[in-house]
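Listed below, chain by chain, are the residues.
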Amino acid sequence: MKSSGKMARIAFSCPLWHHESFFLPKFVGNMSEPLAERMRPRTLDDYIGQQHLVGEKAVLRKMIEAGRISSFILWGPPGVGKTTLAQIIANKLDVPFYTLSAVTSGVKDVRDVIEKAKKARFFNSASPILFIDEIHRFSKSQQDSLLGAVEKGTVTLIGATTENPSFEVIRPLLSRCQLYVLKPLSKEDLLRLLQRAIEKDPVISQRHVRLEQTGAILRYSGGDARKLLNILELVVEASTDDEVIITDALVEDRLQQNPLAYDKDGEMHYDIISAFIKSIRGSDPDAALYWMARMIEGGEDPQFIARRLVISAAEDIGLANPNALLLANAAFDAVMKIGWPEGRIPLAEAVVYLASSPKSNSAYLGIGAAQKVVRTTGNLPVPLHLRNAPTSLMAELGYSDGYKYAHDYPGHFVVQQFMPDALTEERLWHAQHSPSEEKLYQYMLRCWGDRFKDEQ
């Protein structure tokens with residue numbers, strides 16, 4: 001059925017149809033739907049949060065009110081309104097709205113939708129909207145198949161993703177789309193959402209629900225509006241009395257599950273491990289223990305945590321305290337031997353030791369500088385006196401000739417050239433003068449003299 005004006009096809013507040021065109025109704029759906037769906041905003045005025053995008057004079061609101069939008073990608077954590085915002089835009093602009101799920105759709109589905117969009121567009125009307133949920137799951141070939149239609153304006157693409165688009169979306173597609181970052185909902189936003197559901201939902205409002213404590217319900221939701229409403233609905237439905245007084249104890253009793261949001265394959269995984277490593281590097285054992293506890297409570301693999309400690313000991317503590325690497329490696333071995341939950345104890349010991357140790361990244365910087373020199377200069381020849389001479393021919397050619405065996409000299413050291421001829425003046429390792437590393441530096445001064453004096 002072709003569109004002849006306002007309506008193309010109506011879906012009564014149901015989940016998005018698989019690449020079907022429809023317009024959203026402007027009334028609340030039936031009572032059998034989940035609370036989160038019944039409370040889904042239909043207009044920007046009802047939309048909670050993201051005021052930097054949809055508030056008065058904000059960029060998206062301006063485009064929507066002007067009746068024209070360009071392709072864009074919404075990036076943000078789950079439950080902050082990405083899908084809802086796309087639906088509101090389609091409803092407001094009164095254009096055909098197609099949706100694809102990156103989980104179930106292939107290249108053929110993309111091409112079919114693009115072909116339908118071509119037929120649905122009328123003269124100078126706004127382009128149909130193609131909404132792709134979880135666009136980060138689209139393969140490169142699937143994303144490639146979108147490029148032409150997006151560039152020509154056959155469709156206006158709205159992508160939604162919980163993952164960093166710079167890692168997951170191909171550069172040509174990303175360059176054709178604006179990127180808008182959705183922020184986690186604030187405590188005030190979540191409380192507004194709760195109060196609205198309690199007061200306006202036709203089912204919940206009949207139960208005389210009162211919020212006495214909100215700590216647990218906010219904590220369990222993890223900033224996810226959908227999860228927040230699902231919890232509210234569960235708690236209310238599980239209560240037999242007409243009056244429901246929501247307390248932390250009631251919520252915890254009804255849920256009895258881990259309240260932490262921690263996706264081991266998602267953005268939060270990388271954010272938390274980043275905070276963990278940076279806390280160790282910044283010598284804050286309290287923060288390091290906190291972030292490790294977040295990982296432990298979220299079900300992170302203990303081996304992953306232990307491996308990161310070994311890396312941190314080498315990269316950030318380094319020569320300032322060489323024992324750090326030994327302790328980190330011992331903690332890794334201990335976790336492998338004793339398992340969980342006791343393994344958290346040697347991990348905690350290593351975390352505190354690493355965070356409270358002096359820091360040096362001189363070895364890390366040194367190998368980085370060396371690799372840069374190698375990439376710049378290529379395969380420079382090894383000086384003849386450093387080459388091995390296992391055959392008489394090699395000896396005749398001068399291999400190993402002139403090499404000085406350090407142990408034959410006082411202090412087990414003798415000055416000689418070890419770098420390629422073109423790099424004799426190159427310095428790669430620079431001491432950072434922590435108490436432990438200072439001893440190494442002083443030894444270098446005694447051995448090489450002026451070559452290391454620029455370190456002082």
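Relevant structure appears above.
Below is a short write-up of the structure. All residue numbers here refer to positions counted from 1 along the written sequence of the relevant chain. Selection of residues for local features in this predicted model requires a pLDDT of at least 70, selection of side-chain atom pairs for listing and counting requires 80 or more, and totals for whole chains, interfaces and linings are taken over all residues. Hydrogens are left out, water is left out, and the side-chain values use all remaining heavy atoms of the structure.

Here's the deal with the overall build of the protein chain
A tally of regular secondary structure across the protein chain gives 20 helices and seven strands. Accessible surface is estimated by sampling points in the Shrake-Rupley manner with a 1.4 Å probe; for residues, cover comes only from the protein chains shown. Carbon and sulfur atoms provide 54% of the accessible area of the protein chain, an area that totals close to 24400 Å². Elements are defined by DSSP. Helices are runs of H or I of four residues or more, strands are runs of E of two residues or more, and each kind is numbered from the N terminus.

What to know about the packing of aromatic side chains
We call Phe, Tyr and Trp rings a pair once their centres come within 6.5 Å, taking the six-membered ring for Trp, and we label the pair stacked below 30 degrees between planes, edge-to-face above 60, and tilted otherwise. By the definition in use, this model includes four aromatic pairs. On the basis of an interplanar angle of 70° and a centroid distance of 4.8 Å, the ring pair of Tyr290 and Trp291 is categorised as edge-to-face. Throughout this description, buried means an accessible area under 20% of the type-specific maximum (1.4 Å probe, protein chains only), exposed means over 50%, and partly exposed covers the range between. For Trp291, a relative accessible area of 23% gives the class partly exposed.

Let's talk about the packing of helix 9 (residues 187–200) against helix 11 (residues 225–237)
With axes taken as lines fitted to C-alpha atoms, and helix axes fitted only over the stretch in contact, angles between N-to-C directions fall between 0 and 180 degrees. Where helix 9 contacts helix 11, the axes come no closer than 10 Å and their chain directions differ by 40°. The angle between the axes of helix 9 and helix 11 places the two elements in the oblique class. For the pair helix 9 and helix 11, the crossing hand works out as right-handed. Of the residues in helix 11, those in contact with Leu190, Leu193, Leu194, Ala197 and Ile198 of helix 9 are Ala225, Leu228, Leu229 and Leu232. Following the grouping adopted for this structure description, the nonpolar residues are Ala, Val, Leu, Ile, Met, Phe, Trp, Tyr, Cys and Pro, the charged ones are Asp, Glu, Lys and Arg, and the polar ones are all others, Gly among them. Taken together, the residues of the contact of helix 9 with helix 11 sort by class into nine nonpolar, no polar and no charged. Roughly parallel means an angle under 35 degrees; roughly antiparallel, over 145; roughly perpendicular, 65 to 115; everything else is oblique. For any pair of crossing helices, the crossing counts as left-handed if the nearer helix is rotated counterclockwise from the farther one by less than a right angle, and right-handed if it is rotated clockwise. By the convention used here, residues are in contact when the closest approach between their heavy atoms is within 4.5 Å.

Some remarks on the pattern of salt bridges
We define a salt bridge as a contact between a side-chain nitrogen of Lys or Arg and a carboxyl oxygen of Asp or Glu at a distance within 4 Å. Counted under the stated rule, the structure contains 14 salt bridges. Across the salt bridge formed by Glu134 and Arg137, the nearest N and O atoms sit 2.8 Å from each other. Looking at Glu134, the relative accessible area reads 25%, which means it is partly exposed. In this structure, the salt-bridge partner of Glu151 is Arg176, at a minimum N-O distance of 3.2 Å. Placement of the pair is Glu151 in helix 6 (residues 140–152) and Arg176 in the loop between helix 8 (171–175) and strand 5 (178–181), with a sequence separation of 25 residues. Classification of Glu151 as exposed rests on a relative accessible area of 56%. Looking at Arg176, the relative accessible area reads 31%, which means it is partly exposed. Beyond isolated ion pairs, a larger network of salt bridges with shared partners links Arg38, Asp201 and Glu233.

Section: helix 20 (residues 435–448)
Here, expected helix span is obtained from the residue count minus one, scaled by 1.5 Å. The first and last C-alpha atoms of helix 20 sit 20 Å apart over 14 residues, in line with the 20 Å expected at 1.5 Å per residue. Looking only at helix 20, the buried set comprises Glu437, Tyr441, Met444, Leu445 and Cys447. One side of helix 20 carries all its buried residues, which in axial view fall inside an arc of 165°. Counted as exposed and oriented over 90 degrees from the buried face of helix 20: Pro435, Lys439 and Arg446. If you follow the buried residues of helix 20, they end up packed against helix 18 (362–377). Backbone geometry just after helix 20 places Gly449 at a positive phi near 60°. Directions are taken from the helix axis to each C-beta atom, and the arc is the one they span.

Observations concerning the side chain of Glu233
Here Glu233 lies in helix 11. Here Glu233 falls in the buried class, since its relative accessible area comes to 12%. Excluding residues within four positions of it along the chain, Glu233 makes contact with Glu33, Pro34, Leu35 and Arg38.

A word on the nonpolar core
Joining through side-chain atoms within 4.5 Å is the link that ties buried Ala, Val, Leu, Ile, Met, Phe, Trp, Tyr and Cys residues into a set, and such a set is a nonpolar core. Of all hydrophobic cores here, the largest spans 54 residues; its most connected members are Ile69, Ile89, Ile129, Ile158, Leu232 and Val251. By residue number, the principal contributor to this core is helix 11, which donates seven residues. Those residues in contact with Leu232 that sit more than four places away from it in its chain are Leu35, Leu194, Ala197, Ile198, Ile217 and Ile246. In terms of nonpolar packing, the next biggest core, distinct from the first, is built from 24 residues, Ala328, Ala331, Leu347 and Leu354 among them.

Structural notes on unusual backbone geometry
Along the chain, Trp340 connects to Pro341 via a cis peptide bond; the corresponding omega equals 15°. Inspection of the secondary structure puts Pro341 in the loop between helix 16 (323–338) and helix 17 (344–355). For Gln50, which is not glycine, the phi torsion reads 55° and is therefore positive. By relative accessible area, which is 5% here, Gln50 ends up buried. Of note in the backbone geometry, Ser283 takes a positive phi value of approximately 60° without being a glycine. With respect to the helices and strands, Ser283 occurs in the loop between helix 13 (267–281) and helix 14 (285–297). Looking at Ser283, the relative accessible area reads 39%, which means it is partly exposed.

Considering helix 4 (residues 82–93)
The end-to-end C-alpha distance of helix 4 is 17 Å, a good match for the 16 Å that 12 residues give at a rise of 1.5 Å each. Among the 12 residues in helix 4, 11 count as buried, and that is most of the element. Of the positions making up helix 4, those classed as buried are Lys82, Thr83, Thr84, Leu85, Ala86, Gln87, Ile88, Ile89, Ala90, Asn91 and Leu93. Looking at the buried residues of helix 4, the elements they touch are helix 2 (51–54), helix 3 (59–66), strand 1 (72–75), strand 2 (97–101), strand 3 (129–133) and strand 4 (156–161). Phi for Asp94, located one or two positions after helix 4, is positive at around 60°.

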